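What follows is each chain in one-letter form.
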Amino acid sequence: MKIKLRKYKPARAAVILAAAMMLTTACGEGGGGSNTNVSAATVPAGQEASVQPSASPASAPAESVDELYAKAKEEGKVVVYSTSGRANDAAETFMKQYPGIKVEVSKLKSDQILDKVMKEQDAGQFNPDVIVTKEVSGAVEAEMVDQGRYTKYLPEDIAPKVDEPYRTEAEAYANYVEFRTIFYNAKHYAQVPITNWWDLTTPEFKGKVYTADPLSSPAFMDLFTTMVINSDDMAAAYKEKFGKDIELHGTENAGYEFIKELFDNGLIVLKGSDDVLDAIGKADSDALGLAVSGDVSKNEEKGWSIQPIYDIKPKTSVPDSGYLFIAEKAPHEAAAKLFIRWMMGETDGKGEGLAPFNEVGSWVPRSDVQTKNDIPYEDLNLWLFDGDALYNTAPKVRDFWIKQK
Amino acid sequence: MSKKQTLALRRTRLYNLSMNWLRNPVHLIGIAAILFLAYMIAWPVLKIAYTTFVWQQQDVRLTGEANPGHFTLYHWTRVLGSDMSVSLFYKPIMNSLAVGAAVSALSMVLGCGLAWLVTRTNIPLKKTITFLAVIPYLLPAWILSQAWLTFFKNGKIGGTPGILQSLLHVAPPDWISYGFVPIVFSLSMHDSVFFFLIVGAALSSMNSQLEEAASVAGARRLTVLRKIVFPLVMPSMLSGFILIFTKAISSYGVPALLGSPVNFYMISTMLYSSMRSRLTTEANVLSLALILISVATIYLNQRVAGSRRSYVTVTGKDSARTLTELGRWKYPAAGAAAVLMAMIAVVPLLVLLLQSFMLKEGQYHISNLTMHYWWGGSDPDINTGEKGVLRNDTFMLAIKNSLFIAAASAVLSAVIGLILGYVVSRGKHSWIGRVVDQASFLPYLIPGVSLAAIYISMFAKPALLIPALYGTITLLILITVVKELPFTVKAGSASMMQIGKELEEAAQVGGASWFARFRRILLPLNRKSLMSAFLLVFIGAMKEMELIIMLVTPRTETLTTLTFYYAEKGYEQLTNVILMIIIAIVIAVYLIAVKWGKADLTQGIGGS
């Protein structure tokens, strides 16, 4: 008997378990056949996309604030999924301004919000009203906006004051724009130490360049991917710096070549933006670090002495926008619109809800809002955020990055 | 006999046979357990596996060949046999295996050594040592790696140099500061408590007459250890080994922090990266690779454990335990253990506590001390006006939710673990036991994030008499229970393995139902293990984050999601305040559990 039983191997066990599984799930799955696909990237054509047309006009008709408030009070609350804690700050002032409406904010990373909302909606649960999110290398546009899961909302009375591309060209209005750029230690350097991205590949900065890990932060990868997409710009900047045409060492173009030479020059990868700024900003240091522009506002709190560089050749960076969306079938739609208006700073851009977003290192792309930065948004030398190109190129650049190890 | 009669007779026999088979509680409970595990674990794993063989929409980004919805082996060949494989898979997997093996070995030495000292010798300060030994586990593992960096950081990652470099003016080499060595140390400090608890429980329920008999027969102390003690605790040690091995290879925070400066990647860090880059299928292939390793590990374990006789050491009668005399080593041993434990347990804790009172980080003078982060009002100059933790309404909601989730899942997990452990140990030689054993182990290998993602779609709608659970605390409890199964079932079966069948058989002869036997005999005899399991799950649940963050809605906010929010905003002091509160709660529960279960836990893991 014992010998016979010995034959039961894990493989066999797995089969039994699988069979039992079929048994248990056969009835449960009856109705919901469509969501068996774990990573349902897109909805089968025409299924959900037709529910709410994604081709929304540039701006929504202006419902008056009073109208919205009256409806919103009936709804009683608004549920926000936000990648930024600033939504929480806006929520506090909102609830004072519009009593009777409770704001519930869940804070998650952009890709997690994307997964969560997709799964929820596929299962027929429509929980969030407002989405405050960054892009995930174009995935938000391709997998959510184009599918009608996130809808753009830009009231007619605010639209004329919004800077492009956020008025008509971008996937939605962005309440604040940040970007990745090079920081230096202001105690060590009296003036900006570099003016060209290729400076980082020179012997002067060997082993002295830090970056947050693009493998765990898509936004950092987006900057490198944008360099690959705009490799002609990178090649031109190389020529400007070294006075000769770029020579590729087995790479496809100047963008990839830059990444390769960065690694060859001893690039040090740290976990996050804060680690990078700790590294260069805590003690006197001649090293440089790639981090988020908005982090400059943490200088005092963290005891750093860091400054961002706002003019690098060929372009300083690529924008990382904090988009505002209304979720598909938002259960509290009026309240959602009212809250988004609040975060936008209302019609005149002076509303208190905007305050948390209008900070040093981040820009509000509204012509009627005074920035706290020395440089106005229009004067920033940024590449265009090309969601489509990023979505298709990012995985290849990620592969290239991984192969450098 | 007519054909008809024969058939009827056969049918009756078959009926009787199957009724008999089902009447065996191991079978009945086993079947129920398998159905439960199938739905909660196997189904998600199969779903994950399924996606790896189908072209996804996102794949269009990687290759022009992609044909969404159709069968493909592309994902597997990309990971296992392409020009990416070395960097994407083979190097990380070698790193993972090396870390897993080293962490298990080091934790085993630490945990078992300590457990032996505390349970089987006359070492003084037992309670203190026990208490200190549990503390590193109360801290998130990344705090220990942060502490490591504070001491051993060299110039490579910039910032303030480590204490060692400041004192000696010599930079520690990279291999001490980053990568394999510190990852192994940080994880081992954190995880050796599993060995300590599991092996400690087994050691203390061991009948010391066996050792005495051997001594009387003239065996030397080492021989006794090797020939008697070691084989007896072997099953528990193997359990611990596997648990820690798999825990280590799937850990994320520590390798991410200490590995990236020297390009040391593990499967877990690669997997997280794939997920964040929306390469879900690649992430699924990597998770399956982890799952396969675990199945292989369990298989090996069964080969090793299965070839040994099982040892029954607890019978009805209690026996006086005699402790090994340490002689002149008594005080040095206690001192060394206490000092070592204090170094790794208390120092990081005090640093955190101190930091929560500092207005500005890193400025060590009295004027910088403040209570602001504990119960200060809103001050626009500090953290953009974020109130002190104790004045924050969200905190009150979060603490209520956290306590409820942790307590409920700990109780449920402990009991379920024991019941499944019963099936595993009693059904050791039947397929039911093996299936339960293996299936209950899988959750640890499914990354929390992917398990949670699948649970959203599984429980967003009513199915199988289960109402829609999404957005409820119940779902958070359920996923915690499932995720902790590997620990609770292993602990349960290791503990059940020690209990002889005779007691149950006697009760059965006396007419006791299975339920009565379980309640009157098995529960009390397993109280130590139950308490250990309760504590482990409670602690785990209080700290759990990755697993639940996707499932949390604003109303089901917990302490850890609040910590996450503060940490992301860079409010380090507020983060530390919440961490201190979490740790305080866990220590309080620990002490209550020890006091309440005086007869068991204190003696189980030492005491006097």
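Keep in mind that what you see is a predicted model, and the values were worked out from it rather than measured. (Residues numbered from 1 in each chain as written. Chains lettered and ligands numbered in written order. Predicted model: local features only at pLDDT ≥ 70, side-chain atom pairs only at ≥ 80, totals over all residues. Heavy atoms only, no water.)

Chemist: With reference to specific residues and values, describe the overall build of chain B.
Modeler: Helix and strand counts for chain B stand at 26 helices and zero strands. In chain B, buried positions account for 60% of the 608 residues. The long-range fraction of contacts in chain B, counting pairs at least 24 apart against all pairs at least 6 apart in sequence, stands at 74%. In the form shown here, chain B has an accessible surface area of approximately 24,900 Å², with 67% of it arising from carbon and sulfur atoms. (Helix = DSSP H or I, 4+ residues; strand = E, 2+ residues; numbered from the N terminus. Buried < 20%, exposed > 50% of the residue type's maximum accessible area, 1.4 Å probe, protein only. Contact = heavy atoms within 4.5 Å. Areas by Shrake-Rupley, 256 points an atom, 1.4 Å probe, with all protein chains shown as cover.)

Chemist: Just give me the short version of the overall build of chain A, but keep the residues and values in it.
Modeler: Within chain A, the regular secondary structure consists of 13 helices and 10 strands. Counting across all 405 residues of chain A, residues that qualify as buried make up 62%. Contacts spanning at least 24 positions in sequence make up 77% of the contacts within chain A whose residues lie at least 6 apart.

Chemist: Explain the packing of helix α9 (residues 180-204) of chain B against helix α11 (residues 221-249) of chain B to me, and be specific about the residues and the numbers.
Modeler: All names here are of chain B. α11 packs onto α9 with a crossing angle of 150 degrees between their chain directions and a minimal axis gap of 9 Å. Our classification of the angle between α9 and α11 gives roughly antiparallel. Both α9 and α11 take part in a crossing whose hand is right-handed. Note on element contacts: α11 touches α9 through Val229, Val233, Ser236, Met237, Gly240, Phe241, Leu243, Ile244, Lys247 and Ala248, opposite Leu187, His190, Asp191, Phe194, Phe195, Ile198, Val199, Ala202 and Leu203. For the contact of α9 with α11, the residue count by class is 14 nonpolar, three polar and two charged. (Axes fitted to C-alpha atoms, helices over the stretch in contact; angles between N-to-C directions. Parallel < 35°, antiparallel > 145°, perpendicular 65-115°, else oblique. Left-handed = near helix turned anticlockwise from the far one by under 90°. Nonpolar A, V, L, I, M, F, W, Y, C, P; charged D, E, K, R; others polar.)

Chemist: Break down empty space enclosed by the protein for me, with residues and values.
Modeler: Per the counting criterion, the structure on display carries 14 cavities of 30 Å³ or more. By volume, the largest cavity is sized at about 130 Å³. Surrounding the largest cavity, 13 residues form its lining, A:Lys119, B:Met275, B:Thr280, B:Ser450 and B:Ala453 being those nearest its centre. Here the lining of the largest cavity takes four residues from helix α19 (residues 448-459) of chain B, the largest share from any one element. (1 Å grid on protein atoms, 1.4 Å probe; cavity = no way out; pocket = protein on both sides within 12 Å on 5 of 7 lines; lining within 4 Å. Points joined across faces, edges and corners; volume = space filled by probe spheres on them.)

Chemist: Explain the pattern of salt bridges residue by residue, including any values.
Modeler: Residue and element names in this part refer to chain A. All told, the structure shown has 25 salt bridges over all chains when counted by the stated rule. Among the salt bridges present, the one from Lys77 reaches Glu104, with a minimum N-O distance of 3.6 Å. Within this pair, whereas Lys77 is found in strand β1 (residues 77-82), its partner Glu104 is found in strand β2 (residues 102-107), the two being separated by 27 residues in sequence. Put simply, Arg341 and Asp157 hold a salt bridge, and the shortest N to O gap is 2.8 Å. A residue pair is termed long-range when its members are at least 10 positions apart, and Arg341 in helix α12 (residues 333-344) and Asp157 in the loop between β4 (150-152) and β5 (174-185) qualify at 184 residues. Residues joined in a network through salt bridges with shared partners are Arg86, Lys134, Glu178, Arg180 and Asp320. (Salt bridge = Lys/Arg side-chain N within 4 Å of Asp/Glu carboxyl O.)

Chemist: Break down the side chain of B:Ser409 for me, citing the residues and quoting the values.
Modeler: All names here are of chain B. One can find Ser409 in helix α17 (residues 393-426). In this structure the side chain of Ser409 is engaged in a polar contact, spanning 2.3 Å, whose partner is the backbone oxygen of Ile405. Sequence-distant contacts of Ser409, defined by excluding residues within four places in its chain, comprise Ile477, Thr480, Val481, Val537 and Ala541. (Polar contact = N/O pair within 3.5 Å; in protein donor to acceptor, adjacent residues only side chain to side chain.)

Chemist: For the pairing of strand β3 (residues 130-133) of chain A, give the residues involved together with the corresponding values.
Modeler: All names here are of chain A. A two-sided burial pattern is seen for β3, the buried positions comprising Val130 and Val132 on one face and Ile131 and Thr133 on the other. In this structure, β1 lies alongside β3, joined through three bridges in parallel fashion. Counted as the bridge partner of Val80 is Val130 from β3. Bridge analysis of β3 against strand β10 (residues 319-327) gives four bridges, and the strand direction is antiparallel. Counted as the bridge partner of Val132 is Leu324 from β10. (Pairing = 2+ DSSP bridges.)

Chemist: Tell me about the side chain of A:Ser110, and please be specific about residues and values.
Modeler: Residue and element names in this part refer to chain A. Structurally, Ser110 can be placed in helix α5 (residues 110-122). A residue is classified by how much of its surface remains accessible, and Ser110, at 5% relative accessible area, is buried. Not counting residues within four places of it along the chain, the set of residues in contact with Ser110 comprises Thr83, Thr133, Lys134, Glu135 and Val136.

Chemist: Could you give an account of a nonpolar patch on the surface, naming the residues involved and the relevant values?
Modeler: All names here are of chain B. A surface patch of nonpolar side chains, about 690 Å² in accessible area, is lined by Phe151, Ile163, Leu164, Leu167, Leu168, Val170, Val347 and Val351. Elements with a minimum of two residues in the nonpolar patch: α7 (163-168) and α15 (330-356). The greatest single-element share of the nonpolar patch, amounting to four residues, is contributed by α7. Turning to its location among the elements, Leu168 is positioned in helix α7. Here Leu168 falls in the exposed class, since its relative accessible area comes to 56%. (Patch = residues over 30% accessible without salt bridge, like charges linked within 9 Å, V, L, I, M, F, W, Y side chains within 5 Å.)

Chemist: Account for the nonpolar core, naming residues and giving values.
Modeler: Among the nonpolar cores identified, the biggest contains 306 residues, and A:Tyr150, A:Trp197 and A:Phe339 are the most heavily contacted of them. The element that contributes the greatest number of residues to this core is helix α25 (residues 572-596) of chain B, accounting for 15 residues. Taken domain by domain, this core gets at least three of its residues from each of domain 1 (86-269 + 336-355) and domain 2 (392-608) of chain B. Contacts of A:Trp197, omitting those with residues within four sequence positions, involve A:Ile182, A:Leu223, A:Met227, A:Met234, A:Phe258, A:Leu290, A:Ile312, A:Lys313, A:Pro314, A:Lys315 and A:Thr316. Among the nonpolar cores identified, the runner-up in size contains five residues, and B:Trp55, B:Leu62, B:Ala66 and B:Tyr74 belong to it. (Core = buried A, V, L, I, M, F, W, Y, C linked by side-chain atoms within 4.5 Å. Domains from an automatic or database assignment.)

Chemist: Any details on unusual backbone geometry? Residues and values, ideally.
Modeler: Residues and elements named next belong to chain A. A cis amide bond links Glu164 with the next residue in sequence, Pro165, at an omega value of 5 degrees. Structurally, the position occupied by Pro165 is in the loop between β4 and β5. Positive phi is not limited to glycine here, since Lys329 has a value of about 50 degrees.

Chemist: Summarise the domain arrangement of chain B; cite the residues concerned and give the values.
Modeler: Residue and element names in this part refer to chain B. You can read the domains of chain B as domain 1 (86-269 + 336-355) and domain 2 (392-608). Placing the centre of domain 1 and that of domain 2 at their C-alpha centroids yields a distance of 22 Å. Facing 34 residues of domain 1, the contacting portion of domain 2 comprises 28 residues. Surface buried jointly by domain 1 and domain 2 totals about 3,100 Å² across both partners, of which 75% is contributed by carbon and sulfur atoms. Considering only the surface of domain 1 that becomes buried against domain 2, Leu138, Leu197 and Leu243 emerge as the three largest contributors, covering 19% of it. The interface formed by domain 1 and domain 2 holds zero salt bridges in total. In this structure, the connection of domain 1 to domain 2 is made through one residue pair in polar contact (both at pLDDT 80 or more). Mapped onto the side of domain 1 that touches domain 2, the elements with two or more residues apiece are α4 (85-120), α5 (126-138), α6 (141-152), α9, α11 and α15. (Buried area = accessible area lost by both parts, 1.4 Å probe.)

Chemist: So what about the environment of A:Lys302? Which residues, and what values?
Modeler: Residues and elements named next belong to chain A. Mapped onto the elements of the fold, Lys302 is located in helix α11 (residues 299-302). For Lys302, a relative accessible area of 5% puts it in the buried group. Separated by 62 residues in sequence, Lys302 and Val364 place their C-alpha atoms 24 Å apart.

Chemist: Residues and numbers for the packing of α5(B) against helix α23 (residues 527-543) of chain B, please.
Modeler: Residues and elements named next belong to chain B. The interhelical angle for the contact between α5 and α23, taken along N-to-C directions, is 35 degrees, at an axis separation of 10 Å. For the pair formed by α5 and α23, the contact residues are Val134, Tyr137 and Leu138 on the first element and Leu536, Ile539, Gly540 and Lys543 on the second. Its residues placed into classes, the contact of α5 with α23 shows five nonpolar, one polar and one charged.

Chemist: Lay out the pairing of strand β6 (residues 209-212) of chain A in plain terms, naming residues and giving numbers.
Modeler: Residue and element names in this part refer to chain A. Along β6, one buried face is formed by Val209 and Thr211 and the opposite face, lined by Tyr210 and Ala212, is buried too. By the bridge criterion, three bridges tie β6 to strand β8 (residues 288-292) in an arrangement that is parallel. In the strand pairing of β8, Val209 is matched with Leu288. Sheet analysis places β6 next to strand β7 (residues 268-270), joined by three bridges and oriented parallel. Bridge pairing in β7 links Thr211 to Val269.

Chemist: I'd like to hear about the environment of A:Glu333, residue by residue, with values.
Modeler: Considering the arrangement of structural elements, one finds A:Glu333 in helix α12. Between the C-alpha atoms of A:Glu333 and A:Glu74, which are 259 residues apart in sequence, the distance is 11 Å.

Chemist: Describe the packing of aromatic side chains, with residues and values.
Modeler: How two aromatic rings sit relative to each other is set out by the distance from centre to centre and by the angle between their planes. Residue and element names in this part refer to chain B. Taken as a whole and assessed by the stated rule, the structure comprises 33 aromatic pairs over all chains. Between Tyr455 and Phe459, the aromatic rings sit 5.3 Å apart at their centres with planes inclined by 65 degrees, giving edge-to-face as the arrangement. A residue pair is termed a helical-turn pair when its members lie 3 or 4 positions apart in one helix, as Tyr455 and Phe459 do in helix α19 at four residues. Accessibility classification places Tyr455 together with Phe459 in one group, the buried group. (Phe/Tyr/Trp six-rings, centres within 6.5 Å; stacked < 30°, edge-to-face > 60°.)

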